[in-house]
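This is what each chain is made of:
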Amino acid sequence: MTKLSVFDQFVNRHIGTNNEDQDAMLQAIGVKSLEELIDQTVPKNIRSKKALRIPAAMTEFAFLKELEQTAAKNKVFRTYIGQGYHQTITPSVLSRNIFQNPGWYTQYTPYQAEIAQGRLEALLNFQTMVSDLTGLPIANASLLDEGTAAAEAMAMFFAQRNKRSKENEFNEFFVSNKVLTATLDILHTRAEPLGIRITVGDAQKFNMNDKTFAVLLQYPGEDGAVEEYSKLVKRVKDKDGFVIAAADILSLALLTPPGEWGADAVVGNTQRFGVPMGYGGPHAAYFATKADFKRIIPGRIIGVSVDIHERPALRMALQTREQHIRREKATSNICTAQALLAIMASMYAVYHGPKGIRAIAERTHQYAQVLNKELANLGFIQKNKHFFDTLCIATTSEQKQKIKVAATKANINLFYTKDSIRVSLDETVSDNDLTDLITLFASISKKKASAKWSVSKRHSVPNSLKRQTEFLTHPVFNSYHTETKMMRYIKRLENRDLSLTHAMIPLGSCTMKLNAATQLIPVSWPAFANIHPFAPLSQTKGYQQIFKELEEYLCEITGFTACSLQPNSGAQGEYTGLMAIRAYHHNRKEKHRDIALIPSSAHGTNPASAVMAGMKVVVVKCDDEGNIVVADLKEKAEAHQDNLAALMVTYPSTHGVFETAIKEICSITHKNGGLVYMDGANMNAQVGLTSPGAIDADVCHLNLHKTFSIPHGGGGPGMGPICVNDKLAPFLPGHRLVKTGGKNATTAVSSAPWGSASILLISYAYVKMLGQQGVTDATKYAILNANYIKAELADDFPVLYTGEHDRVAHELILDLRQFKALHVSAEDVAKRLIDYGFHAPTLSFPVAGTVMIEPTESESKDELDRFCDAMKSIRKEIDEIATGDAEENNNVLTNSPHTVNLITSDEWNLPYSREKAAYPLPYLREGFKFWPYVGRVNNAHGDRTLICTCPPIEAYEEATE
Ligand SMILES: Cc1ncc(COP(=O)(O)O)c(C=O)c1O
């Protein structure tokens, strides 16, 4: 066989350093070889003995060629299935400038607000759009999908229930029988562990009882019917209950928004605002509510504040970190959401504006009207008196069968129920499509289709539900309707944000590695993008093949036997894994096992997920080295041995260390009847060297948006598949509409059977192109880079935790607490790094007053050195305060970051030079300077007066005067 030339290998593009660099780095660390470093870092007793059974690497070219063939196994039908997913037209200006643009998709979650004003504005636009369309004042910056958004609303109101009366135990949740099938499935999943009883029925006939805390309606219903709910709302309100509406976002351009007819929360999906179906995702769900609930709304919420110069500045509001702060008291575990897709949907609204959105809704509705009329002429009975885009046609099973055969032949997908066929129209429908649909139904009717059909302007919407109020009135939705203007608006926002296109983003626990173009390109291919999640499996053979292979790779990498690709984020993976553990204990008639042991250093999502899975959290101590105190674990495991359900452990630990006692830790848990959940956020330090299976865990999630190259997209999308051993394999989640999951599958955790299926392609490409050797090399070089930074910076900053041989894993924590005496905080260092052109490392997690650095394998030695130079220079700046050469509380650190407005202002009263402020190191003059759009943002101000929709334009004008 011919040997590949070195330039053909993707691994050389993915790993940032070359042989020469690596030798110099090993020398700086003080080891002779990479193997020696790895031996000193990863404990011997957990090292993998065999190479991974993963195929050899493919070149990028070969991979794309092969993938074209796999893609051809998918069949793209015209799809009228509905059920919350629709064909849509992605404006090319958005595909090219956002979806396929690393300046947008490689951004991190906007925790560093000063270098994230672009995406913060786009997300604020999203919130404004959702708020306007739903008629409620507060909206968050996206959730994962419609089903989980509905479940979040249920949990939020359940947590509020006892405010109504201290005596009554309200635990019933009424769900309309017109709710989407997938949503109902998820509600059941989420309700059971919380002790919520779900009742399902006809909403029009529902009478509030004394136990019901809230009701959920679908608007329009799953069958397409548009109904009045005002009487029901009154009945619910009379008994102090809450009303949630799951609404179709496009329909709200024509229908009275639920906020106006009394809903307390409105949830849904914004997919049909220009985001391809992608066989299930990713898309942004939305969640809007009343001001009363602004402090408890789940997910991230963008708020308007000011910077130190009193200019308007955006940032994520307080509750953003809900699970980090409230931990087991949180009602939601949501962390990664769907930022990039929310940005896409908001830009669709910016591009089309209120007139455009209304026109799209009108057109869709009118086609539905035409179809309704023509089907009536053909003798069919359409059941919905009022509808928006979906018709429900009564059929006998014989008719249904005939239509199904004819539709399949014509490459058309419809939604079939026991006694009806549903047809959901959308903005892509053309005259020809409509003719084809009419011809299809005519083929089984005794009558002939009309030769010509006419469009009526009449609405099939009851007068009482016709939208009267304006929406998207803010100038941002009325200014950018030409492509030139839109392109420039997108660029203007992009320029405010620091992404991987500018510099390394050394975020511990987040693994901001290369998101290669070849991995991302196929996501936009129509054969992957334009497939409905509930399309028949016979049309998705390409996808099925990819899932099968990817599941095998992930199982091999984790040392487990089965995998679920359903969870849409790491936190969702945690929940899914814990639910599998719960099902396992229940199946063994050990329902009482409900204690989750969680180390104090755990990520906040861990305790939040445990509580959502019906478990009680018992915190296990960590020692000064950041390791679990084994004696404390043992004591607690033994004390709870009758009820122990699980231990949740992050490995390597959240402190960036391979704990040597890990096997003992797992064994103690097992001995006391619990199973071990391994949080896989740090898998980038394990792949090919050890595995969750090797440490004796039972289940783990993988953040594909960390280890497996899915870009972070400014706070999502992500994917959190779980891998499990044989014990848990039967309990992997299923789905009501598509067969998937284990033998005793639990109900669904996501709306789509394989979560955000289209981005699984990215991780698939990652493994295929790196191959067996490459995925392991990635781990080794990630460890090398982290230890190199440690070697370079250890003289300037204490490294908080190290392993037995004084090594760190793939990340390291620098302790900055000693500088407090000089009034310099970790935040000051983080903000000062912006002046040096860098995104801050993870701030104050897992230890307050520290920064956690994770360089990843993709960074070059030059870039690592540039970062280390910046950190060393900052150390000198701190020393200047200590020696009295710089003022306390008025120095380059405390005043950072410095904006271009400040630096170029005629007024300059600061006790240091402009050059020192803006160009502290020479490299900044060589194209590395990044100007923050605003100065240090005032968080407290924003939380005191929460504003989370676009402020009037005058607010900006006043500030610049
Ligand atoms: C250790 C750890 N666990 C869990 C999570 C949650 O993952 P996600 O944000 O994908 O929900 C994170 C996210 O940063 C993490 O760092």
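Look above for the structure.
Overview of the structure. (Residues numbered from 1 in each chain as written. Predicted model: local features only at pLDDT ≥ 70, side-chain atom pairs only at ≥ 80, totals over all residues. Heavy atoms only, no water.)

The next point concerns the overall build of the protein. In terms of regular secondary structure, the protein is built from 29 helices and 26 strands. On C-alpha atoms alone, the protein measures out to a radius of gyration of 28 Å, which is about the 30 Å that the 2.2 N^0.38 rule sets for 961 residues. Counting only C-alpha atoms and orienting by the principal axes, one finds that the protein spans roughly 90 × 75 × 70 Å. Sorting the 961 residues of the protein into buried and exposed places 66% on the buried side. Within the protein, residue pairs in contact and separated by at least 24 positions form 77% of the contacts whose partners lie at least 6 positions apart. Side chains of the protein carry 102 positive and 104 negative charges; the gap between the two charge centres is 9 Å. (Helix = DSSP H or I, 4+ residues; strand = E, 2+ residues; numbered from the N terminus. Rg over C-alpha atoms; globule rule 2.2 N^0.38 Å. Buried < 20%, exposed > 50% of the residue type's maximum accessible area, 1.4 Å probe, protein only. Contact = heavy atoms within 4.5 Å. Lys, Arg positive; Asp, Glu negative; His and termini not counted. Charge placed at Lys NZ, Arg CZ, Asp CG, Glu CD.)

Right, let's get into the site of the ligand. What surrounds the ligand is a group of 14 residues, the closest being T336, S509, G570, D679 and H705. Within the backbone of G570, one N or O atom sits 2.7 Å away from an oxygen atom of the ligand. In this structure, a nitrogen atom belonging to the ligand sits 2.5 Å away from a side-chain N or O atom of D679. Isolated, the ligand exposes 390 Å² of accessible area, and the fraction of that covered by the protein chains is 96%. (Near = heavy atom within 4 Å. Polar contact = N/O pair within 3.5 Å; in protein donor to acceptor, adjacent residues only side chain to side chain. Areas by Shrake-Rupley, 256 points an atom, 1.4 Å probe, with all protein chains shown as cover.)

Okay, the sheet that holds strand β4 (residues 197–201) next. The 7 strands are arranged β2-β8-β7-β6-β5-β3-β4 in an open sheet whose pairing can be described as mixed. On the outer flanks of this sheet lie β2 (138–139) and β4, each paired with one strand and no other. Pairing of strand β5 (residues 212–219) with strand β6 (residues 242–247), which is carried by 6 bridges, proceeds in the parallel orientation. Within the sheet, the bridge partner assigned to V215 lies in β6 and is V243. In the packing of helix α7 (residues 117–134) onto the sheet, contacts are made with β2, β7 (265–269) and β8 (285–289), and the angle to β8 comes to roughly 60°. (Pairing = 2+ DSSP bridges. Axes fitted to C-alpha atoms, helices over the stretch in contact; angles between N-to-C directions.)

Right, let's talk about the environment of T336 for a bit. Structurally, T336 is set in the loop between α11 (322–326) and α12 (339–377). Between the alpha carbons of T336 and Q572 there is a distance of 9.3 Å; along the sequence they are 236 residues apart.

A separate point is the sheet that holds strand β23 (residues 812–815). Paired through their backbone hydrogen bonds, the strands of a sheet run either parallel or antiparallel. A sheet is described by the order of its strands in space; here 3 strands give the open sequence β23-β25-β24, paired in antiparallel fashion. The two strands at the open ends of the sheet, each matched to only one other strand, are β23 and β24 (842–843). As judged from the 2 bridges shared by β24 and strand β25 (residues 850–853), these two strands associate in the antiparallel manner. Note on β25: the bridge partner recorded for L843 is V851.

Attention shifts here to the nonpolar core. Core analysis: the largest hydrophobic core is formed by 215 residues, its most contacted members being M129, W261 and M347. Broken down by element, the residue count for this core peaks at 18 residues, all from helix α23 (residues 760–793). Those residues in contact with M347, other than ones at most four positions away along the chain, are L94, I98, W104, A122, M486, Y489, I490 and L493. Formed by 39 residues, the second largest nonpolar core is a distinct cluster that contains M154, A191, I198 and L216. (Core = buried A, V, L, I, M, F, W, Y, C linked by side-chain atoms within 4.5 Å.)

With that out of the way, let us pick up the packing of aromatic side chains. Describing an aromatic ring pair means giving the distance of the ring centres and the angle of the ring planes. Counted according to the given criterion, the structure contains 32 aromatic pairs. For the pair Y584 and F731, a centre-to-centre distance of 6.5 Å together with 80° between the ring planes defines the contact as edge-to-face. Pair noted here: Y584 is in helix α19 (residues 570–587) and F731 is in the loop between β22 (722–724) and α23, with a separation of 147 residues, a long-range link. Relative accessible area serves as the criterion here: at 11%, Y584 is assigned to the buried category. F731 sits in the buried class, given a relative accessible area of 5%. Three or more aromatic residues joined by ring pairs make a cluster, and in this case those are Y279, W525, F528, Y543, F547 and W754. (Phe/Tyr/Trp six-rings, centres within 6.5 Å; stacked < 30°, edge-to-face > 60°.)

Interaxial distance between α12 and helix α15 (residues 483–495) falls to 10 Å at its minimum, and their mutual angle equals 145°. In the crossing of α12 with α15, the sense of the turn from one axis to the other is right-handed. Side by side, α12 and α15 meet where M347, V350 and Y351 of the first sit next to E483, M486, Y489, I490 and L493 of the second. Residues belonging to the contact of α12 with α15 are distributed by class as follows: 7 nonpolar, no polar and 1 charged. (Left-handed = near helix turned anticlockwise from the far one by under 90°. Nonpolar A, V, L, I, M, F, W, Y, C, P; charged D, E, K, R; others polar.)

In this section: empty space enclosed by the protein. Tallied over the full model, the rule gives 8 cavities of 30 Å³ or more. The calculated volume of the largest cavity comes to roughly 220 Å³. Lining the largest cavity are 20 residues, and of these G84, H86, L180, P220 and D248 sit closest to its centre. For the lining of the largest cavity, the class distribution of residues is 4 nonpolar, 11 polar and 5 charged. (1 Å grid on protein atoms, 1.4 Å probe; cavity = no way out; pocket = protein on both sides within 12 Å on 5 of 7 lines; lining within 4 Å. Points joined across faces, edges and corners; volume = space filled by probe spheres on them.)

The subject of this paragraph is the packing of helix α21 (residues 630–639) against helix α22 (residues 662–671). The relative placement of two packed helices comes down to the angle between their axes together with the axis-to-axis distance. Running from N to C, α21 and α22 cross one another at 10°; their axes reach a closest spacing of 9 Å. Regarding the angle of α21 to α22, the classification is roughly parallel. Across the interface between the two elements, V630, L633, K634 and A637 from α21 touch E664, I665 and I668 from α22. Counted by class, the contact of α21 with α22 contains 5 nonpolar, no polar and 2 charged residues. (Parallel < 35°, antiparallel > 145°, perpendicular 65-115°, else oblique.)

Okay, the side chain of N725 next. One can find N725 in the loop between β22 and α23. One polar contact links N725 to D698, side chain to side chain, over a distance of 2.9 Å. Contacts of N725, omitting those with residues within four sequence positions, involve F560, T561, A697 and D698.

By the element assignment, T417 lies in the loop between β14 (415–416) and β15 (420–424). Of the residues examined, T417 reaches a relative accessible area of 17% and is grouped as buried. When the C-alpha positions of T417 and E659 are compared, they lie 54 Å apart, and in sequence the two are 242 residues distant. If we skip the residues at most four places from it in the chain, T417 touches K400 and R422. Here the side chain of T417 touches S420 through a polar contact of 2.6 Å, side chain to side chain.

This part takes up α22. When we look at burial in α22, the residues that qualify are I662, I665, C666, I668 and T669. All buried residues of α22 fall inside an arc of 160° around its axis, so they share one side. The inward-facing, buried residues of α22 contact α21, β19 (644–650) and β20 (675–679). After α22 finishes, the residue G673 shows a positive phi value of roughly 90°. (Arc of directions from axis to C-beta.)

All right, on to the pairing of β19 then. Among the 7 residues that make up β19, 7 are buried, leaving the element largely enclosed by the rest of the structure. As defined by bridge partners, strand β17 (residues 595–599) adjoins β19 across 3 bridges and the pair is classed as parallel. Paired with A596 across the bridge in β19 is A646. Where β19 meets β20, 5 bridges bridge the pair, whose relative direction is parallel. Counterpart to V649 in the pairing with β20 is M678.

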